Amino acid sequence: MVAGAASVRQAIGSLVVTPRPLAEYRDMFRLTEAGLRAGPILDCPGGASPFGAQVRARGGSVTSVDPAYRMSAEDLKRRVHQDIEHAAAWMRDHPDNFDWSYMGSPAAFTRSFRLAAEMFLMDYAPDDARYVAASLPRLPFEDGAFGLSLCSHLLFCYPEHLGYTAHLACLLELTRVTRHEVRVYPLVDTAGNPYARMSELRSELAVHGITTEVRRAHSQYVLGRDRMLVCRRGRTTRSRPATVRKR
Ligand SMILES: C[S@@+](CC[C@H](N)C(=O)[O-])C[C@H]1O[C@@H](n2cnc3c(N)ncnc32)[C@H](O)[C@@H]1O
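So, a few notes on the structure that sits alongside this text. Note that the coordinates shown come from a computational prediction; the quantities given were computed from them, not determined experimentally.

Criteria and cut-off values
- Residues numbered from 1 in each chain as written.
- Predicted model: local features only at pLDDT ≥ 70, side-chain atom pairs only at ≥ 80, totals over all residues.
- Heavy atoms only, no water.
- Axes fitted to C-alpha atoms, helices over the stretch in contact; angles between N-to-C directions.
- Helix = DSSP H or I, 4+ residues; strand = E, 2+ residues; numbered from the N terminus.
- Parallel < 35°, antiparallel > 145°, perpendicular 65-115°, else oblique.
- Left-handed = near helix turned anticlockwise from the far one by under 90°.
- Contact = heavy atoms within 4.5 Å.
- Nonpolar A, V, L, I, M, F, W, Y, C, P; charged D, E, K, R; others polar.
- Salt bridge = Lys/Arg side-chain N within 4 Å of Asp/Glu carboxyl O.
- Buried < 20%, exposed > 50% of the residue type's maximum accessible area, 1.4 Å probe, protein only.
- Near = heavy atom within 4 Å.
- Polar contact = N/O pair within 3.5 Å; in protein donor to acceptor, adjacent residues only side chain to side chain.
- Areas by Shrake-Rupley, 256 points an atom, 1.4 Å probe, with all protein chains shown as cover.

### Here we look at the packing of helix α8 (residues 164–176) against helix α9 (residues 198–207)
Describing two packed helices takes the angle between their axes plus the distance from one axis to the other.
Line of reasoning, step 1. Interhelical geometry of α8 versus α9 gives an angle of 45° and a closest axis separation of 11 Å. By the angle between their axes, α8 is oblique relative to α9. Taken as a pair, α8 and α9 cross one another with a handedness that is right-handed. Seen from α8, the contacting residues are Y164, H167, L168, L171 and L172; seen from α9, they are E200, L201, E204 and L205.
Line of reasoning, step 2. Taken together, the residues of the contact of α8 with α9 break down into six nonpolar, one polar and two charged.

### Looking at the side chain of D189
Line of reasoning, step 1. Relative to the elements of secondary structure, D189 occurs in the loop between β5 (178–185) and α9.
Line of reasoning, step 2. Setting aside residues no more than four positions away along its own chain, D189 makes contact with F156, C157, P159 and R225.

### Overview of the pattern of salt bridges
Line of reasoning, step 1. By the definition in use, this model includes 18 salt bridges.
Line of reasoning, step 2. Salt-bridge contacts for D75 lead to R78; the nearest nitrogen and oxygen are separated by 2.5 Å. With D75 and R78 both in helix α5 (residues 73–93), this residue pair falls three residues apart, about one helical turn.
Line of reasoning, step 3. What makes D75 partly exposed here is its relative accessible area of 36%.
Line of reasoning, step 4. Between D123 and R130 there is a salt bridge; the shortest N-O distance is 3.2 Å.
Line of reasoning, step 5. When its relative accessible area of 21% is taken as the criterion, D123 is described as partly exposed.

### Some remarks on the site of the ligand
Line of reasoning, step 1. Taken together, 19 residues lie around the ligand, and T18, R20, P45, D66 and S152 are the ones closest in.
Line of reasoning, step 2. For the ligand, an oxygen atom lies 2.7 Å from a polar atom in the side chain of T18.
Line of reasoning, step 3. Backbone polar atom of L136 to a nitrogen atom of the ligand: 2.9 Å apart, as the coordinates give it.
Line of reasoning, step 4. Bound to the protein, the ligand loses 98% of the 600 Å² it would expose on its own.
Line of reasoning, step 5. Partitioned by chemical class, the residues of the shell around the ligand number eleven nonpolar, six polar and two charged.

So, in structure tokens, the structure goes:
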């Protein structure tokens, strides 16, 4: 049994809407220039990230999905600026959680996110083509509609809000709409703790015919955030354990 859309939306509807820029997506997901153009790419949740706008400017194709796109452009703008201040305050209060050789400083983080938010807001329009207002675990797309799907800073980050069943439902849905790979980053919560039920989740995904792999990412904002989960649709392997690459 999988979690319903309403229960997931209710549980995590209050998350910060962040504007992570393309450079950070490249590092989190090890994206190559060719991969960015290969498209179509799903960015879910897109938040206020200018990833889609920046990839389209290079000739690629991206659809961003987020329940926040139900807001008016004005409300979304207000919310994004509030959330940048919220995230910056969290960093200042928890300096030991972060890899400052990557981040620079809280001030550099704030500048980079403000700039990214401006890029997003210049491109954003709730048009249901580039920016789709929807929520996991129910996506309004055909099976295999995307070559690659990216899920940044939602799954595994908020285990106190999003339970095991909801994680499974979200990954099944992302995999349903993806032909090649789903990449999820990070695999730790906001305090840097690894997701406790990862191996159980991977075994259950294998039962649903989904192979998984933990791959190294380039970035490490928060200490311990240097891995992504990769999921692919494959053949059903009911009698076999999940494909686990030990490191
Ligand atoms: C921390 S932001 C990440 C945004 C972007 N990927 C980034 O890395 O900057 C988390 C986002 O998850 C969105 N969200 C909350 N519930 C969701 C759901 N059920 N399905 C998809 N997105 C959801 C929030 O609206 C918020 O924009």
